[in-house]
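Structure assessment
Chain by chain, the residues run as shown.
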Amino acid sequence: WRDWSSDVCSSDLCTNDSFQVRIADCGLRIPRQTTNLQSPINMCGICGIVGNVDPSIIERMMLSLTHRGPDDGGTKVFHEAGLMFGHRRLSIIDLSPRGRQPMSNEDGGVWISFNGELYNYRELKAGLDADRHQFASETDTETILHLYEERGMDAFKLLNGMFAFALYDSRRER
């Protein structure tokens with residue numbers, strides 16, 4: 001887990017038996033006036049752990065990211081995979097609680113923790129099969145979930161923006 005304080009990106013590939021997880025964290029600078037914080041860098045924060053499902057660890061990680069996501073926070077533990085996601089939210093697109101993260105698809109089989117901005121999410125959302133998906137929010141995050149359901153790993157080639165995310169697909173165990 002890394003917490004960057006500038007516009008940099010880093011990723012590591014972690015393997016845990018039957019699945020792989022790419023862990024990345026990118027800093028996205030948001031103008032200070034968008035929130036009432038004194039910190040010069042206000043952005044969402046994501047964190048995660050592979051191989052340990054002790055909730056106290058993810059909670060400590062979340063506390064260290066509170067300054068980055070002042071609007072909300074959430075965690076998701078995947079006991080069967082030995083995996084945990086954490087998210088601190090800075091609400092920008094959908095300000096409602098429906099944009100809470102980590103976020104899942106309709107049946108809870110695919111989960112994501114997303115930080116950043118997806119510039120082309122409206123176009124991508126319009127191209128999805130409306131009969132297969134029920135959107136619960138107006139977020140770019142949810143568009144990634146449903147695009148992944150339709151296209152698998154090829155979905156990521158279509159994304160245009162500045163972002164980092166962790167995605168877990170329990171059906172495919174990755």
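So, here is what we can say about the structure in this document. (Residues numbered from 1 in each chain as written. Predicted model: local features only at pLDDT ≥ 70, side-chain atom pairs only at ≥ 80, totals over all residues. Heavy atoms only, no water.)

Overview of the overall build of the protein chain
From N to C terminus, the protein chain includes three helices and eight strands. Going from N to C terminus, the protein chain has its helices and strands arranged as β-β-β-α-β-β-β-β-α-α-β. Counting every position in the protein chain, which comprises 174 residues, the buried fraction comes to 47%. About 9000 Å² of surface is accessible on the protein chain, with carbon and sulfur atoms providing 49% of the total. (Helix = DSSP H or I, 4+ residues; strand = E, 2+ residues; numbered from the N terminus. Buried < 20%, exposed > 50% of the residue type's maximum accessible area, 1.4 Å probe, protein only. Areas by Shrake-Rupley, 256 points an atom, 1.4 Å probe, with all protein chains shown as cover.)

Here we look at the pattern of salt bridges
Counted by the stated rule, this structure contains six salt bridges. Of the charged contacts, one joins E138 and K125 as a salt bridge, the two residues approaching to 3.6 Å between their closest N and O atoms. Separated by 13 residues along the polypeptide, E138 in the loop between helix 2 (121-126) and helix 3 (140-151) and K125 in helix 2 bring together distant segments of the chain. A residue is classified by how much of its surface remains accessible, and E138, at 45% relative accessible area, is partly exposed. Across the salt bridge formed by D154 and K157, the nearest N and O atoms sit 3.3 Å from each other. D154 gets classed as partly exposed once you look at its relative accessible area, which sits at 44%. Among the charged side chains, a network of salt bridges with common partners joins D107, E149, D169, R171 and R172. (Salt bridge = Lys/Arg side-chain N within 4 Å of Asp/Glu carboxyl O.)

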